[in-house]
Amino acid sequence: MKHFWSFLFFLVPVLGVATFVFAPHFNIWLPRDISEQGRTIDNLFMFILYLTGAVFIVTECVLFYFLWKYDGKSNEKPVIFSHGSHALELVWTIIPAVTLLFIAIYQMQAWANDKMDPPAISYTCEVTGRQFNWDFRYPGPDNELYTQDDIVRTDGKLYLPVNEEILLKITSADVLHSFFLPNLRVKQDVVPGMAQKMWFKGKKTGGYDIVCAELCGWGHYKMKGRVYFLPRDEYDAKLAEFTAEQNTMTVEVPEEE
Amino acid sequence: MLSSLIYDYRKFAMSTVTAETHAAHGEHAHTSSFLKTYVFSLDHKIIGLQFLFSTLIWFSVGGLLAMGIRWQLAYPWRAMPLLGNMLAGPEGGQIAPENYTMLVTMHATVMIFFVIIPILAGAFGNFLIPLMIGADDMAVPVLNMLSYWFMWPAFFFIGASFFVEGGAAQAGWTSYPPLSVIQEAAPGSLEGQTLWLLGVTFVGIASMMGSINYMTTIIQMRAPGMTMFRLPMTIWAMFITAILQAFALPVLTAAGFMQLGDRLVGTGFFLPEGAMANNSPMETGGGQPLLWQHLFWFYSHPAVYIMILPAMGMVSDILSTFARKPLFGYKPMVYSISGIAGLGFIVWGHHMFVSGMNPMLGMTFMVSTMMIALPSAIKTFNWLGTLWGGKIQFTTAMLFAISFVSMFIIGGLSGIFMAATPVDIFIHDTYYIVAHFHYVLFCGTAMAVFGGIYYWFPKMFGRMMNDSWGKVHFTLTFVLMNCVFYPMHILGMQGFPRRLADPYHYETFRNLLPLNQFISWAAFLLMASQIIFVINFFWSIFFGPRAGRNPWKANGLEWQAPSPPGHGNFDFQPIIYRGPYEYGSPETDEDYYPQTQPPKQTPESAEGKAPVH
């Protein structure tokens with residue numbers, strides 16, 4: 001087939017764009033977003049996607065056009081003996097430079113909101129990653145961590161009030177892990193010996209995945225947790241239930257053999 | 001050995017290639033035995049081919065490891081046919097979770113340290129540098145030979161690590177402590193990790209010896225008339241790569257020894273106070289896990305340019321040859337690879353945006369990372385400019401080179417997502433990253449390597465590869481690799497994390513199984529279609545049609561030497577009159593204008609001055 005190779009390369013932009021257009025129809029896309037900063041991040045993602053998508057389409061089409069037009073088999077004209085163009089170099093240096101710098105500056109506020117300016121509230125919960133589980137420590141009625149009334153849960157289920165600012169203290173007991181909530185667009189590696197803060201606001205009730213996103217050993221794949229967002233009254237009831245359970249819990253000590 | 005060292009030194013001290021050293025070198029060769037000619041050879045071409053064969057063998061090993069990963073992601077916990085017995089015999093071919101983490105670790109380790117870096121710098125660098133600059137060999141042939149033989153301890157250590165207790169390293173190719181340091185943290189953190197560190201150290205020593213040699217050779221041994229700005233892009237890229245390597249590698253080597261210290265003699269560089277994992281005895285610690293990440297990425301970010309710049313150089317040469325037209329914007333190309341090298345040292349933090357590093361640093365690294373996209377963009381536009389107005393010959397080498405450009409556009413653009421810190425919070429450590437670096441390293445560098453092999457094969461072995469089968473190989477590879485890596489972008493958009501042996505028990509990722517099965521089948525076929533290349537390669541070495549000196553009608557100096565070049569490379573003293581890209585020049589009737597062809601008598605050249613283009 002004439003121009004087979006140019007058309008093969010033309011498939012790149014065609015199928016490349018088609019993949020992104022049809023993916024949502026197969027229900028593969030950014031996961032459902034239930035947080036506030038998630039929307040900002042999704043918007044920034046889409047902004048970059050459209051921008052790079054446009055550059056992708058244009059450059060790949062130019063590539064196709066050149067391959068098609070300047071195919072040695074059909075191009076009768078002599079080659080253009082050119083070593084380059086100073087003006088063009090300036091154009092395609094300055095325009096991308098300005099665009100890239102703009103993208104960087106445009107992202108800064110979102111980054112600051114997500115990682116640099118924690119809200120001035122007390123900790124909602126302490127999250128500890130360990131091989132291969134997420135442990136949670138709630139401050140209890142006195143709202144202070146590391147006191148007698150703390151509630152410690154090791155069942156991998158984190159309960160949080162919905163529509164409220166949450167501040168988590170996150171750390172690790174052994175190796176690196178990463179506390180990743182896909183539906184809230186938050187992720188932070190947890191490092192042993194370092195306590196870090198994470199903050200967000202969940203806007204929809206329900207249960208969502210907690211994923212470990214940093215390789216932490218053979219059981220990395222199953223280091224799964226769930227986060228449940230509850231209305232305030234249900235949340236309070238849940239914590240009261242936990243406190244009661246903790247206070248009445250008896251530990252059976254096996255007799256020594 | 002000593003006499004040849006002295007000989008090397010003398011040659012180095014003289015610093016220019018003269019007819020005398022030429023003759024001396026020739027004599028030197030005739031007296032050597034088979035062992036010295038083909039095994040412990042000092043000849044850069046033999047060493048280059050040794051690197052080529054070794055890395056191609058490891059390429060298939062790395063590929064098979066990837067097949068294991070793909071099988072597990074498509075059919076979790078099902079016994080793997082064929083390979084399963086080799087990878088996981090005791091478990092009846094079922095890939096256990098610790099074996100899965102070993103697969104991802106060793107796939108990356110093998111591909112990066114044993115394939116990409118040594119095939120570009122070791123194989124192509126060794127073979128091409130003296131030929132393309134008009135030298136009879138490297139500046140220090142003994143060092144060159146050692147740079148190859150120092151790979152063997154590394155091959156041994158990494159190869160052996162599969163068979164020690166606990167298996168090979170499992171802490172990822174990034175080897176983050178404490179997982180990699182505390183022996184109880186993972187089965188692979190036993191001897192496997194120690195062997196891994198030793199292996200990487202030896203690769204480092206080998207690369208360091210190579211890079212010193214390359215820099216010296218390119219600076220000192222260029223033929224008369226071969227000014228820096230008449231060097232082909234391949235050589236410029238090798239030169240900049242050698243500089244990058246020389247400055248970045250010591251950091252990795254030092255960090256490797258620090259990690260060995262932490263593992264073996266109880267130092268605490270990377271362990272916090274009281275660190276423990278999996279009921280291990282408590283470590284004294286007092287160090288910082290993030291320190292390793294800083295040191296590691298201070299090397300490994302420049303290293304990603306070590307893995308792509310030579311490929312860019314080779315692609316530039318191939319594109320110009322088969323577009324039959326000068327390279328568009330030679331100097332901007334040189335400046336942009338220099339720019340990449342400079343900026344490459346101040347962007348490592350973008351691997352650590354969510355690592356716990358001070359978020360303020362994230363801002364600076366975001367800006368520098370955005371800016372490093374610029375030289376890559378300039379290069380892409382110049383490649384398009386090179387194709388513009390040419391007479392394109394779609395040889396196999398050219399197809400691979402064009403696919404490099406087409407794929408590099410994708411790999412380059414997807415990098416912008418990660419550079420943007422807020423977006424990176426979500427896509428960090430997901431398949432979006434996996435898609436990105438495979439687009440750069442497989443769809444980019446590996447395509448350039450295939451292109452380079454098809455292009456320089458006639459020079460390496462004196463025979464041509466079969467072009468029709470080459471095109472079949474190209475088409476299958478091109479289509480299938482896009483089926484493998486392109487959908488990974490949308491996997492990543494859903495937050496699908498890397499290195500998870502079974503992600504489908506998460507509600508969020510349950511629906512991704514069919515897509516992963518599609519990717520895996522494409523990957524199996526991609527692997528299978530490389531058989532065409534292997535057969536074509538070996539068949540052509542013995543039975544391909546004779547190539548002659550210059551089968552592509554190319555300008556480069558290497559094409560003026562015999563194919564394959566004998567010991568000492570050139571059978572005449574090359575004198576260079578112009579750059580390597582004067583295709584379609586009005587000064588000559590042919591459509592090419594070799595670098596060594598004296599210009600027609602003009603008043604200028606009569607005065608003895610070579611015209612500069």
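Quick caveat, the model's predicted, so the values are computed rather than measured.

## Quick notes on the overall build of chain B
Piece 1. Looking only at helices and strands, one finds 21 helices and 0 strands in chain B.
Piece 2. Considered along the principal axes of its C-alpha atoms, chain B spans approximately 80 × 55 × 50 Å.
Piece 3. Pairs at least 24 apart in sequence give 76% of the contacts found in chain B among residues at least 6 apart.
Piece 4. For chain B, the exposed area adds up to about 19,500 Å²; of that, 70% sits on carbon and sulfur atoms.
Piece 5. Charged side chains in chain B number 26 positive and 29 negative. The centres of these two groups are separated by 10 Å.

## Things to note about the overall build of chain A
Piece 1. Assigned secondary structure in chain A consists of 4 helices and 10 strands.
Piece 2. In chain A, the succession of α and β elements from N to C terminus is α-α-α-β-β-β-β-β-β-β-β-β-β-α.
Piece 3. Compactness check: chain A gives a C-alpha radius of gyration of 27 Å against a globular reference of 18 Å for 257 residues, more than 25% above the reference.
Piece 4. Split into buried and exposed, the 257 residues of chain A put 51% on the buried side.
Piece 5. Once local pairs closer than 6 in sequence are excluded, the contacts in chain A between residues at least 24 apart make up 65%.
Piece 6. Working note: accessible area of chain A is about 12,500 Å², and carbon and sulfur atoms make up 60% of it.
Piece 7. Side chains of chain A carry 23 positive and 31 negative charges; the gap between the two charge centres is 11 Å.

## A few points about the sheet that holds strand β6 (residues 177-181) of chain A
Residue and element names in this part refer to chain A.
Piece 1. Pairing is mixed across the open sheet formed by 5 strands, whose spatial order is β4-β10-β9-β6-β7. Looking along the sheet, the strands with just one partner apiece sit at the ends: β4 (157-161) and β7 (186-190). When strand polarity is set aside, the average angle formed by the axes of neighbouring strands in this sheet is 25°.
Piece 2. The sheet contact formed by β4 and strand β10 (residues 224-230) spans 5 bridges and is parallel. Across the sheet, residue Leu158 finds its bridge partner in β10, namely Val227.
Piece 3. Packed onto the sheet, helix α4 (residues 232-248) meets β4 and β10 and runs at close to 135° relative to β4.

## Regarding the side chain of Ser316(B)
Piece 1. With respect to the secondary-structure elements, Ser316(B) resides in helix α12 (residues 309-323).
Piece 2. Reaching out from Ser316(B), the side chain makes a polar contact with the backbone oxygen of Met312(B) at a distance of 2.8 Å.

## Concerning the confidence of the model for chain A
Piece 1. Scored by pLDDT, chain A comes out at a mean of 93, with 99% of its residues at no less than 70.
Piece 2. The lowest-confidence element of chain A is α4(A), averaging 93 in pLDDT; the highest-confidence one is β4(A), averaging 97.

## Points about the interface of chain B and chain A
Piece 1. Opposite the 106 residues of chain B that make contact, chain A presents 95 residues.
Piece 2. Both sides of the chain B and chain A interface together cover about 8,900 Å² of buried area, and 74% of this is carbon and sulfur.
Piece 3. In this structure, Glu507(B) engages Arg226(A) in a salt bridge whose closest nitrogen and oxygen atoms are separated by 3.1 Å.
Piece 4. The tally of links between chain B and chain A comes to 26 residue pairs in polar contact (both at pLDDT 80 or more).

## What to know about the pattern of salt bridges
Residue and element names in this part refer to chain A.
Piece 1. All told, the structure shown has 14 salt bridges over all chains when counted by the stated rule.
Piece 2. Here Asp236 makes a salt bridge to Arg232, at a shortest N to O gap of 3.4 Å. Within this pair, Asp236 and its partner Arg232 are both found in helix α4, separated by 4 residues, close to a single helical turn.
Piece 3. When its relative accessible area of 37% is taken as the criterion, Asp236 is described as partly exposed.
Piece 4. What makes Arg232 partly exposed here is its relative accessible area of 39%.
Piece 5. One connected set of salt bridges, linked through shared partners, spans Arg153, Asp155 and Glu245.

## Some details on the domain arrangement of chain A
Residue and element names in this part refer to chain A.
Piece 1. Per the domain assignment, the segments making up chain A are domain 1 (4-115) and domain 2 (121-248).
Piece 2. Computed over C-alpha atoms only, the centres of domain 1 and domain 2 are separated by 39 Å.
Piece 3. Taken together, the contacts link 14 residues of domain 1 with 15 residues of domain 2.
Piece 4. Summed over both sides, the interface between domain 1 and domain 2 buries roughly 1,300 Å², with carbon and sulfur atoms accounting for 44% of that surface.
Piece 5. If you look at where domain 1 meets domain 2, you find 1 salt bridge.
Piece 6. Among the salt bridges present, the one from Asp42 reaches Arg185, with a minimum N-O distance of 2.7 Å.
Piece 7. Counting every contact that joins domain 1 to domain 2 gives 10 residue pairs in polar contact (both at pLDDT 80 or more).

## Let's talk about the packing of aromatic side chains
Residues and elements named next belong to chain B.
Piece 1. This structure, assessed with the given rule, holds 93 aromatic pairs over all chains.
Piece 2. Judged by centre distance (5.9 Å) and plane angle (75°), the ring pair of Phe53 and Phe537 falls under edge-to-face. You can see Phe53 sitting in helix α4 (residues 44-74) and its partner Phe537 sitting in helix α20 (residues 513-543), a full 484 residues away along the chain.
Piece 3. You can call Phe53 partly exposed: its relative accessible area is 28%.

## Quick look at the environment of Ser85(A)
Piece 1. Within the fold, Ser85(A) resides in the loop between α2 (36-69) and α3 (86-116).
Piece 2. Separated by 14 residues in sequence, Ser85(A) and Asp71(A) have C-alpha atoms that sit 22 Å apart.

## Some thoughts on the nonpolar core
Piece 1. Membership of the largest hydrophobic core comes to 251 residues, with the highest contact counts inside it found for Phe45(A), Phe114(B), Phe404(B), Ile453(B) and Phe537(B).
Piece 2. With 25 residues, helix α6 (residues 97-133) of chain B is the single largest residue contributor to this core.
Piece 3. If we skip the residues at most four places from it in the chain, Ile453(B) touches Leu52(B), Leu56(B), Phe124(B), Met465(B), Phe533(B) and Phe537(B).
Piece 4. Formed by 44 residues, the second largest nonpolar core is a distinct cluster that contains Phe136(A), Ile151(A), Leu181(A) and Phe242(A).

## Observations regarding a nonpolar patch on the surface
Residue and element names in this part refer to chain A.
Piece 1. Taken together, the side chains of Met1, Phe4, Phe7, Tyr65 and Trp68 define a hydrophobic patch exposed on the protein surface, amounting to about 550 Å² of accessible area.
Piece 2. Going through the elements one at a time, α1 (4-22) and α2 are the ones with two or more residues in the nonpolar patch.
Piece 3. Mapping Phe4 onto the fold places it in helix α1.
Piece 4. Take Phe4: its relative accessible area is 35%, and that puts it in the partly exposed class.

Basis of the calculations
- Residues numbered from 1 in each chain as written.
- Chains lettered and ligands numbered in written order.
- Predicted model: local features only at pLDDT ≥ 70, side-chain atom pairs only at ≥ 80, totals over all residues.
- Heavy atoms only, no water.
- Helix = DSSP H or I, 4+ residues; strand = E, 2+ residues; numbered from the N terminus.
- Contact = heavy atoms within 4.5 Å.
- Areas by Shrake-Rupley, 256 points an atom, 1.4 Å probe, with all protein chains shown as cover.
- Lys, Arg positive; Asp, Glu negative; His and termini not counted.
- Charge placed at Lys NZ, Arg CZ, Asp CG, Glu CD.
- Rg over C-alpha atoms; globule rule 2.2 N^0.38 Å.
- Buried < 20%, exposed > 50% of the residue type's maximum accessible area, 1.4 Å probe, protein only.
- Pairing = 2+ DSSP bridges.
- Axes fitted to C-alpha atoms, helices over the stretch in contact; angles between N-to-C directions.
- Polar contact = N/O pair within 3.5 Å; in protein donor to acceptor, adjacent residues only side chain to side chain.
- pLDDT = per-residue confidence, 0-100.
- Buried area = accessible area lost by both parts, 1.4 Å probe.
- Salt bridge = Lys/Arg side-chain N within 4 Å of Asp/Glu carboxyl O.
- Domains from an automatic or database assignment.
- Phe/Tyr/Trp six-rings, centres within 6.5 Å; stacked < 30°, edge-to-face > 60°.
- Core = buried A, V, L, I, M, F, W, Y, C linked by side-chain atoms within 4.5 Å.
- Patch = residues over 30% accessible without salt bridge, like charges linked within 9 Å, V, L, I, M, F, W, Y side chains within 5 Å.

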